[in-house]
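Observations on the model geometry
In case you want the letters, here they are:
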Amino acid sequence: MDAMAELTAEQGYEATKIADIVRRAGVARKTLYDNFDGKEEVFLGAFDSAVTEVAARIEESCVGVADEWVDRIAAGLRAFLTFIAENPATARMCLIEAVSATPAASARYDDAMDRFVDLLRVNAPADTGLPDTIEETLVGGVAWILNQKIRRGEAEQALDLMPELLDFILSPYQGVAKLKP
């Protein structure tokens, strides 16, 4: 699956060919087709594997923290940013290529975003009086900032965004500071 992430990071989904995948993965074309129907299925498998791994890391980090919701959100965000920094090709595949690779990939991207929204919702305070879409807004904002960082080739520096993104996520729940006149 790393081969697919690396290739799509280097040349994009559309330009990636089956011949590229088998060469990079070091497998025979027949072996690939014995396990996958084609390029899209390889891409979706790699995407699903990455989402499962990062979600598990986030969940584990949240469980390992005290009952304080702020600490759980900070731990989850740190786990997510660490994954991005450690896996820049996979991050590009998931946050950039998946959006437009194929209709099925776009649907998987939407499902993954919903999964991360649910992870935030479970760890954030309940009954805040905030709009029902606040978690979607926050997850979407984080995804957008990371999308830009990845496009600039700076995925490895994702952890540098920790203070800023944590403030962004926490501010609606803690109350946004009033502007000075």
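Residues numbered from 1 in each chain as written. Predicted model: local features only at pLDDT ≥ 70, side-chain atom pairs only at ≥ 80, totals over all residues. Heavy atoms only, no water.

**Some points on the overall build of the protein**
The number of helices and strands found in the protein is nine helices and zero strands. The order of helices and strands in the protein, counted from the N terminus, is α-α-α-α-α-α-α-α-α. Projected onto its principal axes, the C-alpha positions of the protein cover 65 × 30 × 25 Å. Residues counted as buried form 45% of the 181 residues belonging to the protein. Considering only contacts within the protein whose residues lie at least 6 apart along the sequence, 65% involve residues at least 24 apart. For the protein, the exposed surface amounts to about 9800 Å²; the carbon and sulfur share of it is 52%. (Helix = DSSP H or I, 4+ residues; strand = E, 2+ residues; numbered from the N terminus. Buried < 20%, exposed > 50% of the residue type's maximum accessible area, 1.4 Å probe, protein only. Contact = heavy atoms within 4.5 Å. Areas by Shrake-Rupley, 256 points an atom, 1.4 Å probe, with all protein chains shown as cover.)

**Quick word on the environment of Thr128**
Mapped onto the elements, Thr128 comes out in the loop between helix H7 (103-123) and helix H8 (134-151). For Thr128, a relative accessible area of 38% corresponds to the partly exposed category. In this structure, the C-alpha to C-alpha distance between Thr128 and Ala107, residues 21 residues apart in sequence, is 30 Å. One polar contact links the side chain of Thr128 to the main-chain amide nitrogen of Leu130, over a distance of 3.2 Å. (Polar contact = N/O pair within 3.5 Å; in protein donor to acceptor, adjacent residues only side chain to side chain.)

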